[in-house]
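Take a look at the letters that make up each chain.
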Amino acid sequence: MKSKLTQAFNQRFFSSKSKKDGFEFWVFVGPLVLGLFIFVYIPIIWGFFLSFFEARNTVTPTKFVGLTNYIDLFGDTRFINSLETVIIFAVIIVPITFALSLGLALLVESLGANSGVFRTIFFIPTACSYVVASLIWKTSLFNGLPSGFANNILWVINEINPIAWIHTTDPPYYWLVLGTVRLWLQSGFYMIIFLAGLQEIPRTIYEASMVDGAKPGWQTFRHITFPMMRNTSISVLLLLFIEAFQAFDEFRNILATGGSSGTQILARPPLVYLYNVAFQDQNYARGAAGAFVIAALIMVVTVVQGRLFGFGKTEH
Amino acid sequence: MKKLKTTFAATPKYLVLIFLSLLYLLPFYIIARNALMTQREVAQFDWLFWAKEPQWKNITTLLNDPIANMRVGLKNSTIVSIAQVIGRLIISSMAGYGLARIKYKWANRVFFFTLGALMVPSAAIFVQTFLVVSYLGWVNTLAGLVIPGMFDVFSVYIFRQFFLDFPKDLEDAAKVDGLSTFGTFFKIVIPNSKGVFISLGTLGLIRSWNSFLWPLVIGQTRDTWTVQVVLSTFLTAQTINLPALFMGAAIGILPIIVIFFFVQRYIVEGVKVSGLKG
């Protein structure tokens, strides 16, 4: 009995293998676990707790208020508008970026050995920041003055009068400005992902289809290329969607006016709303509540989208 | 004859490609053009293709302008992105190796713990992260800008996958030679994994250098502004000196563009792996 206990005890605490491996494991993985704990899990728990309290000008809870923050949030038209804005934005930007990136990939792929230069050109914008791109779009490309690039082109073509691209609400030209920024910045990145997907498709499938009489072009694309890139397409769609829902930089830099306050804004996506509430009104509790709603929305739609397309079925 | 025919068939495709290329390069041309012009030239009605006399002095005007704060921005962005990338590479590669190679009874639980963090859309919970960073007293500090961004589960998974495919013979040989797990990792595994380090490193560098929301929230005082915050503040100011603003943009993207050209092959590899995310 005693020897059995000692044996078990020795195995538990002095077995060279389990002790050494446990120590080594934590040295390697510990920093990550600690970091995720402090910067992901504690914030979520703290934020969740805080969202049921009042917390103005302080990040610590002051008074329990129950669901008031959530009720106020959904009673705030600015928040509801921000959800509408981001849905419109995602509906515009996701399919267009998807189609353009895929189109660029097909074009570049078809060049074979000569593709290098074009691939680089379409890919360079990836190195650029949203702030710099917003700056170019706002003060030069779509500057509302006659000296703006787009207005210059319109004048040269047909003496069309200058358009105030950013401040015209009817028609809402600012969507064109916002959409093209993101398109320019993102399409090269997703083109590379599609190119990787295209290269995964075995050549033999195309050869076999040629033998069966399929014509190269649309038919081949429709029945072979596109279905073969199912997983790539789904993951691109999910990534585009997640990024669109977290849009902040271009809205803040292109649409915010009136100094740095950024209070008057034509279209305000959820993250800009949260920024305004948490960092300008200093209402951290409502900011935290709002962030949960947005994060939950993104996660739910991601899962639903994944299920809808059957993502993961082939992965595991 | 056949050759001639295919060349003609390919012409529209090349026209489309050249037209698109010009569109994609247009913003870069505009940065360079405006950065070297005088204020009068930028504002003039007729589009001037290039400055009559390139205003190189715009560089010194910008760097010496105390309101623009560009020097501070450049210094902070350099420190923040390099520190963040090095920290992230060390933490992710070690965690990836631990999860791939070290047997431990809790390994599965730890893996699910990291998976949970991966599912959370990180930008959407920036208010929550701010609460903790503010409690730590890291608002308006470089630590607050750098450290929260060092824990990236996605990089960990890429490293883990990479190390799972790493030739085990090499590691076993190192162990036979008397190297510990640490010795094996630092002396054998890392030197043979340069590609994945450069890929994730450069992609991370681009991300850190270009990030805006977090630096805007954490760097509220002028001495903690990054380049992106400097440019954004410049852009929303009441009166804008456009050539100086564009010179700022040029200086702001130049380091990244240079790196981009040197290691494009590795960045492409990194992006391909990013496609697996989701």
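Residues numbered from 1 in each chain as written. Chains lettered and ligands numbered in written order. Predicted model: local features only at pLDDT ≥ 70, side-chain atom pairs only at ≥ 80, totals over all residues.

Engineer: Looking at this structure, how should I read the packing of helix α4 (residues 77-110) of chain A against helix α11 (residues 230-245) of chain A?
Structural biologist: Two numbers describe a pair of packed helices, the interaxial angle and the distance between the axes. Residues and elements named next belong to chain A. The geometry of α4 relative to α11 is characterised by a closest axis approach of 9 Å and an angle of 145 degrees between their N-to-C directions. Crossing hand, α4 versus α11: right-handed. Contact residues: V86, F89, A90, I93, V94, T97 and F98 in α4; V236, L237, L240, F241, A244 and F245 in α11. Looking at side-chain class alone, the contact of α4 with α11 contains 12 nonpolar, 1 polar and no charged residues. (Axes fitted to C-alpha atoms, helices over the stretch in contact; angles between N-to-C directions. Helix = DSSP H or I, 4+ residues; strand = E, 2+ residues; numbered from the N terminus. Left-handed = near helix turned anticlockwise from the far one by under 90°. Contact = placed C-beta atoms within 7 Å. Nonpolar A, V, L, I, M, F, W, Y, C, P; charged D, E, K, R; others polar.)

Engineer: When you look at the domain arrangement of chain B in this model, what are you seeing that I'm missing?
Structural biologist: Where the parts come together, the accessible area they lose is often given as the size of the interface. All names here are of chain B. Split into domains, chain B comes out as domain 1 (8-55) and domain 2 (60-274). If you average the C-alpha positions of domain 1 and of domain 2, the two centres end up 33 Å apart. Elements supplying a minimum of two residues to the side of domain 1 that touches domain 2: α1 (2-35) and α2 (39-43). Within the side of domain 1 that touches domain 2, the residues separate by chemical class into 5 nonpolar, 4 polar and no charged. (Domains from an automatic or database assignment.)

Engineer: Honestly, the environment of D170 of chain A in this entry has me stumped. Any pointers?
Structural biologist: Residue and element names in this part refer to chain A. Tracing the sequence through the fold places D170 in the loop between α7 (149-158) and α8 (174-200). Residue D170 is classed as exposed on the basis of its C-beta count, with 5 C-beta atoms lying within 10 Å. Taking C-alpha positions, D170 is 21 Å from L83, a pair spaced 87 residues apart along the chain. (Buried ≥ 20, exposed ≤ 12 C-beta atoms within 10 Å, placed from the backbone.)

Engineer: Please clarify how the packing of helix α13 (residues 227-235) of chain B against helix α14 (residues 242-262) of chain B should be interpreted in this entry.
Structural biologist: Residues and elements named next belong to chain B. Viewed as axis vectors pointing N to C, α13 and α14 meet at an angle of 165 degrees, and their least axial separation amounts to 10 Å. The orientation of α13 relative to α14 falls into the category roughly antiparallel. In the crossing of α13 with α14, the sense of the turn from one axis to the other is left-handed. Taking contact as the criterion, the partners of V227, V230, L231, F234 and L235 in α13 are, on α14, L245, G248, A249 and G252. Taken together, the residues of the contact of α13 with α14 sort by class into 7 nonpolar, 2 polar and no charged. (Parallel < 35°, antiparallel > 145°, perpendicular 65-115°, else oblique.)

Engineer: Honestly, the domain arrangement of chain A in this entry has me stumped. Any pointers?
Structural biologist: Residue and element names in this part refer to chain A. When the domains of chain A are assigned, the result is domain 1 (18-68) and domain 2 (72-308). Just the C-alpha atoms count here: the centres of domain 1 and domain 2 sit 32 Å apart. Every contact between the two is made by 11 residues of domain 1 and, on the other side, 9 residues of domain 2. Mapped by element, the contributors of at least two residues to the side of domain 1 that touches domain 2 are α2 (16-50) and β1 (53-54). The element contributing the most residues to the side of domain 1 that touches domain 2 is α2, with 3 residues. When the residues that make up the side of domain 1 that touches domain 2 are grouped by side-chain class, the tally is 5 nonpolar, 4 polar and 2 charged.

Engineer: How should I be thinking about the interface of chain A and chain B in this particular structure?
Structural biologist: Facing 75 residues of chain A, the contacting portion of chain B comprises 75 residues. A breakdown of the residues in the side of chain A that touches chain B according to their chemical character gives 55 nonpolar, 16 polar and 4 charged.

Engineer: I'm lost on unusual backbone geometry in this one. Help?
Structural biologist: Excluding glycine, residues mostly carry a negative phi; peptide bonds, for their part, are mostly trans. Positive phi outside glycine occurs at E159 of chain A, with the angle close to 50 degrees. Relative to the helices and strands, E159 of chain A is located in the loop between α7 and α8. Positive phi is not limited to glycine here, since N140 of chain B has a value of about 60 degrees. Topologically, N140 of chain B is positioned in the loop between α6 (126-135) and α7 (142-146). Note on N140 of chain B: 15 C-beta atoms within 10 Å, which makes it partly exposed.

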